[in-house]
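Survey of secondary and tertiary structure
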Amino acid sequence: MGTDSGTTDGESCGIHFDGTALRCSRGQPLIDALQAHGIKLPHLCYTKAGGPIQTCDTCWVEVGGELKRACTLKVADGLEVKSVGRATSARAEGMNRVLAKHELYCAVCDNNGDCELHNTFVSMNLPAQRYPFTPKPYAKDTTNPFYSYDPDQCILCGRCVEACQNGAVNEVLGIDWSAEHPRVLWDGGKPIEDSSCVSCGACVSACPCNALMEKSMDGEGGPFTGMPQKLKRTLIDASKALEDTVGMRSITAVSEIDRTLRQAEIKRTKIVCNYCAVGCTYEMWTRGRKVLKMQPSVEAPANGMLSCVKGKFMWDFVNSGERLTKPLIRDHGRFREASWDEALGLIARRLTEIRTQHGPDSIGFIASSKATDEESYLTQKMARLVVGTNNVDNCSRYCQSPATMGLFRTVGYGGDSGRIRDIVHADCVVIVGNNTAESHPVIASQIKQSHKHRGQKLIVIDPRRHEMARRADIHLPLVPGSDTAILSAFARYMFDHGHADQAFLDARVNGVTAYRESLEPFTLEFASQVSGLPVDQLVAAAEMIGSAKSVCILFAMGITQHSHGSDGATAISNLLLVTGNYGREGTGAYPMRGHNNVQGASDFGSMCNIYCGYESVTDEAVRARWAQGWGVAPEQLSNRVGLNNIQMIDGLGTGSVKALYIIGEETLISDSNANATAECLEKAEFLVVEDVFLSKTARFADVVLPACVSVEKDGTYVNTERRIQRSYKAMEPLGESRADWQILTDLARRMGHDWGYTHPSQIMDEIASISLMFKGVSYARLEGWKSLHWPMSADGSTDTPLLYTENFNMPEGKALLYPVQWNTPAEAADGEYDLYVNNGRLLEYFQGTNQTRRSAESGEAEFIEVSPELAQARHIEDGTWLRVTSRRGVVKMRAVVTDRVSGNQLYMSIHPPQAEDNVNLLTGDHRDVDVYTPAYKETAVRIEVLSGTGRKPRRKNNFRYGTPTPLPDVNVAAKWKRADYAPITEQAPHPERI
Amino acid sequence: MAQPIEFTPTPVDTSGAARAELETLIRTLHEHGVLRLANDLVATNTEWLQILANGLGKPGTGRAIQNIAVFAMLLSRIDPTQLYKLLSALHGSLESVASSAPDDTHRAAPGILGLYRLLKDETLWRALAPVIEAIRVFGKGLDAQAESPISAFTATAGFAAPPPHA
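Residues numbered from 1 in each chain as written. Chains lettered and ligands numbered in written order. Predicted model: local features only at pLDDT ≥ 70, side-chain atom pairs only at ≥ 80, totals over all residues. Heavy atoms only, no water.

1. Re the overall build of chain B
The condition is simple: Put simply, DSSP H or I for four residues or longer makes a helix, DSSP E for two residues or longer makes a strand, and each gets a number counted from the N terminus. The buried label goes to any residue with under 20% of its type's maximum accessible area, the exposed label to any with over 50%, and the partly exposed label to all in between, with areas taken from a 1.4 Å probe on protein chains only. Whether two residues are in contact is decided by their heavy atoms: any pair within 4.5 Å suffices. For accessible areas, the Shrake-Rupley method is used with a probe of radius 1.4 Å. Any residue's cover is judged against the shown protein chains and nothing else.
The number of helices and strands found in chain B is 7 helices and 0 strands. Each helix (α) and strand (β) of chain B, taken in turn from the N terminus, gives the series α-α-α-α-α-α-α. Burial status across chain B gives 14% buried among its 166 residues. In chain B, once contacts between residues fewer than 6 apart in sequence are set aside, the share between residues at least 24 apart is 62%. Of the roughly 12,700 Å² of accessible surface on chain B, a fraction of 65% belongs to carbon and sulfur atoms.

This is the structure in structure tokens:
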């Protein structure tokens, strides 16, 4: 179900199919091998992603005189397959049994056009439906906000169960074959809304018919599907009566015509999801501006057929009535709509004036980590070339800069060492400070697959008992901020207990001796004292890591958002080096990037100290090359490191920065100490915000420019794997909104630099012509589902899915063990602020919720998690109002009592429905000492229990309260044991004609 | 000092799409030459209507239209099952006839004695056998229990096959 499409040994071998000799790959599934030769053998339950389920009985072939399900066969030398005669009759019998469970009304079905069931039975050219359709005694379940399940349309193929149990591994769906009328069940038989279903949509994508279908398709699929149900029913009954006379072929001819008609009006566009950084790609189905559905593909390199609730379903923001469609100008204390000419003219004039009056470094730019690579490049080009400052940064400053620093220090590239595939193939996965199942759900699913089926070991180091922690072989619920101590103690343990890879260290790593000496304080006893974890638990984890043949460590904000986050990231990389876990499949460090293009925003130069491709702004040769590429003298480009995001906001407060140009960044919500941030924004002499909505930050702006959304433009994005992927324009921009690259190009022209871009591909061509890292990148090489992992060869012929196989990106090509110390957090609980508040993402929301709140029901993100023990001590129950106070501010929240947190730890989401719910009203100005990332995770608070209990902040049927039902598979053997199942072992009588 | 201010944008109509649909329809009609044809038809309507009227006014055309109407009226009164049974029986009898090649050896009138001889002529009876068989099949077909044509091949007609399965 994931991204692996089966394995072959790569050898070619010969088979015979109906007497025709074919060359195929040995070990390849027969159905896929035939497909490669253009032979479409009917099948329904088999998919490349899900493999053989053996429930549909529509793929029979004859091998050695016996009927076999083709889905179970793999290519082998001398395989002789016969698909005619008995096999044809058997397949027809199988299909007839399927049709008895599914009412055919294809021309008025929203799924026609993408219905494998329809297409398969049409291809089989059956003259008639042998067994009449028999309704099942169940109502359609429409309780999920995003999809519905119709038992009457369900053919019980089990693809949805396979997708849920073994693809997404959410383990909700099953089929009770012992029931009189089997159907798909959620958590053993609950309505969908009351189950543990996370609405990832994998089941919907897997369904071969309309049993499971997106609600966005309701009445929208075809020209005849929007009619009232009563009218539909009448037409269906009439056609059924006619079908009894004229047979199925005439009726299916009508549905085939309908299917063809739909092709003319439905557009399918490959897009990159614009939520997290997994880099999921989909086919977006649209009719005009209507988003019909998002369909994953086995061709999608990062996600295959997997998806999450946001990527699959949450696209209502695209057509939201609240979108900005015209430029706004602040005018006498209010916004008024303006023309682009007036708005851009005003910006050009004001930026020029401020640069003239205060110098170029009085202006700053914050790039969007949701915008494309090309737009990141143009943002820094605007700052460096047009304005003349290196004051440009992106939101990685808030999250991942410490990770990048840790990797720069030790191995040399600021990105994931390998692919998701490497994580899947690792013997042992360690997750540190990352709630993968909610933050990067599609990667979590692939880890869960390996853990469930391949014996992969899983260690989770995290204060919270989230899903991955519950699934882990070892969960280390450490005291927040003690990660570096534990990781360094593990490194010392490896040296002391023979788990260090000495040969690897000797050959490929510098600084071993000094590093080993630096580990002296890091005994397990010390780590235990700091982390609050027992020594034997630490030993067990260290042994699991040390004895694994390959280890991947995933980490995120739990490591980085500390006052010594860079040291934590460095400690992770050190541990991997000590154990030789770099440069091989299934190894490496994986900073889980947050936004869909936070990696690309940095890669393509929106950082205060580097040009595109991580080239230093202080390197004269680099400056000269970029100046030459842009056609100016080197002196026109600043060689001083600019201000980062944090410094620019601070600069507004102190007056050193006069103007700020923010693209798609919700600064007011994202920066720590939101009250202070608001004060700084208020002091801006001139503030420009480009955004899709009037964000909370944009309310402070002097000019607001309406940007279009990702599916309204072409461009490329880099996911957490360093994988560059193209996203295509699915529809025109709404109203007068424009792509960021168009806005910047127009503004640059007004400020004297006519770049002349008419398409993002021209920008990428320019990048490839100047940057060293991105030579070889072109739109042609990224066409369709193709992708490239940077760095790649200059001619683009080879990329680097796995880094460091031969050399590290460091002097001498050797990695460096970089000693770190453990430091106490800059802010910890004390007598006055006696509790610790953690914070992070929720699955069904994204950041400031400017996108997701257009789809999800609001209100579920406004809560604070309290441990059962704290709740008991303070007389708190679900829904109790709490006043939460830090040294910076106050929020009022309702409590959720849960064992996901323990002791004196609290947890809030980072998705405030209102500005006054923002956790960053509590967080402070203490930052990573190396890269300025705010220490969001070091926040001490106190709580007061307020009188009165509000409604519970989470519905009692929130999926987090559900009880999943893990199953190994669909259990088709139980179907075969049913008394009413007759094996298809002989040639069934067949209607030859009508 | 820039205090935060609110603004409510005027929603753009994304529903759709009526105008967009119309534009798409016009474009599609144009690309497929339908608009050109329609223009030609409208521009020359008098001429081609006259040609059409001339054609409709011919006796043969009138009879054809009347006959189609008669068939339509008749077909509306016939139970499809009965018609199907009749046509199936006829089809079966024709197939029966076609399955045997006619014998061309005896074409002259036989006369009474010849007729007597013919009654004893094995070759002749072999030639007549298909015709008699055709009549027999036709009669059998008419006697068969009436079934709708498709369900004759389905389980509803008691077809000897297992019932629908899980």
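Having seen the structure, we can now continue with the description.
2. Quick notes on the layout of surface pockets
Going by this rule: The pocket and cavity definitions rest on a 1 Å grid over protein atoms only: a 1.4 Å probe that fits but cannot leave marks a cavity, an open set with protein on both sides within 12 Å along at least five of seven lines marks a pocket, and residues lining either have an atom within 4 Å of a point. Grid points are joined across faces, edges and corners, and a volume is the space filled by probe spheres set on the points. Residue polarity follows a fixed list, in which Ala, Val, Leu, Ile, Met, Phe, Trp, Tyr, Cys and Pro are nonpolar, Asp, Glu, Lys and Arg are charged, and the others, Gly among them, are polar.
By volume, the second largest pocket amounts to about 880 Å³. Lining the second largest pocket are 25 residues; nearest its centre among them are R287 and G288 of chain A together with A20, E21 and T24 of chain B. Sorting the residues of the lining of the second largest pocket by element identifies α7 (248-265) of chain A together with α1 (17-31) of chain B as the ones contributing at least two each. Broken down by element, the lining of the second largest pocket gets its largest block of residues, 12 residues, from α1 of chain B. Residue classes in the lining of the second largest pocket are distributed as 8 nonpolar, 6 polar and 11 charged.

3. What to know about the confidence of the model for chain B
Test applied: pLDDT is defined as a per-residue confidence score from the predictor, taking values between 0 and 100.
Confidence in the prediction for chain B averages 75 pLDDT; 79% of positions are at 70 or higher. Low pLDDT, under 50, characterises residues 155-166 of chain B; the predicted model gives this stretch 30 contacts beyond four residues in sequence or across chains.

4. Observations concerning the sheet that holds strand β15 (residues 363-366) of chain A
The pairing of strands in a sheet happens through backbone hydrogen bonds and is either parallel or antiparallel. All names here are of chain A. Which entries qualify depends on this criterion: We treat two strands as partners when DSSP finds at least two bridges between them. A fitted line through C-alpha atoms serves as each axis, taken over the contacting stretch for helices, and the angle formed by two N-to-C directions is quoted from 0 to 180°.
Read from one edge to the other, the open sheet built from 7 strands follows the order β14-β13-β27-β26-β25-β15-β16, with strand pairing classed as mixed. With one partner strand each, in any of the chains shown, β14 (334-337) and β16 (392-393) form the two edges of the open sheet. Across 4 bridges, the pairing between strand β13 (residues 328-331) and β14 is antiparallel. Looking at β14, one finds that L328 is bridged to E337. Across the sheet, helix α25 (residues 645-654) lies against β15, β16 and β25 (659-663), angled at about 135 degrees from β15, the strand it touches most.

5. Here we look at helix α3 (residues 116-124) of chain A
Count 3.6 residues to each turn of an α-helix, and residues three or four apart come out pointing the same way. Residues and elements named next belong to chain A. The line we're drawing: The directions from the helix axis to the C-beta atoms form the arc being described.
Looking only at α3, the buried set comprises L117, H118, T120, F121 and M124. Within α3, the buried residues cover an arc of 170 degrees as seen down the axis, which keeps them to one side. Looking at the buried side of α3, the elements it contacts are α2 (86-99) and α7. One or two positions beyond α3, positive phi appears at N125, with a value near 55 degrees.

6. Considering the domain arrangement of chain A
Residue and element names in this part refer to chain A. For clarity, the threshold we go by: Throughout the structure description, domain borders are defined by an automatic or database domain assignment. By buried area we mean how much accessible surface two parts lose on assembly, using a 1.4 Å probe and totalling the loss over both. The salt bridge criterion pairs a side-chain nitrogen of Lys or Arg with a carboxyl oxygen of Asp or Glu, the two atoms within 4 Å.
If you check the domain split of chain A, you get domain 1 (12-96), domain 2 (101-273), domain 3 (328-399 + 598-782), domain 4 (401-591) and domain 5 (835-955). Contacts between the two partners involve 21 residues from domain 3 and, on the opposite side, 24 residues from domain 5. Summed over both sides, the interface of domain 3 with domain 5 buries roughly 1,800 Å², with 48% coming from carbon and sulfur. Our enumeration of links across domain 3 and domain 5 arrives at 1 salt bridge. With a shortest N-O distance of 3.0 Å, D650 and R927 are connected by a salt bridge. Secondary structure elements with two or more residues in the side of domain 3 that touches domain 5: α25, α26 (667-670) and α27 (674-682). For the side of domain 3 that touches domain 5, a count of residues per class yields 7 nonpolar, 8 polar and 6 charged.

7. Here's the deal with the pattern of salt bridges
Oppositely charged side chains can pair when the atoms bearing their charge come close. All names here are of chain A. Inspection of every chain in the model, using the stated rule, returns 68 salt bridges over all chains. Its salt-bridge partner being R69, residue D57 comes within 2.7 Å of it at the nearest N-O pair. Taken together, the residues D57 in the loop between α1 (30-36) and β3 (60-63) and R69 in strand β4 (residues 66-69) connect sequence positions 12 residues apart. For the pair formed by D57 and R69, the shared burial category is buried. With a closest N to O distance of 2.7 Å, R640 and D361 form a salt bridge. Here the residue R640 occupies a position in the loop between α24 (620-630) and α25, and D361 occupies one in the loop between α9 (340-358) and β15, the gap between them amounting to 279 residues. Under the relative-accessibility criterion, R640 is labelled partly exposed at 46%.

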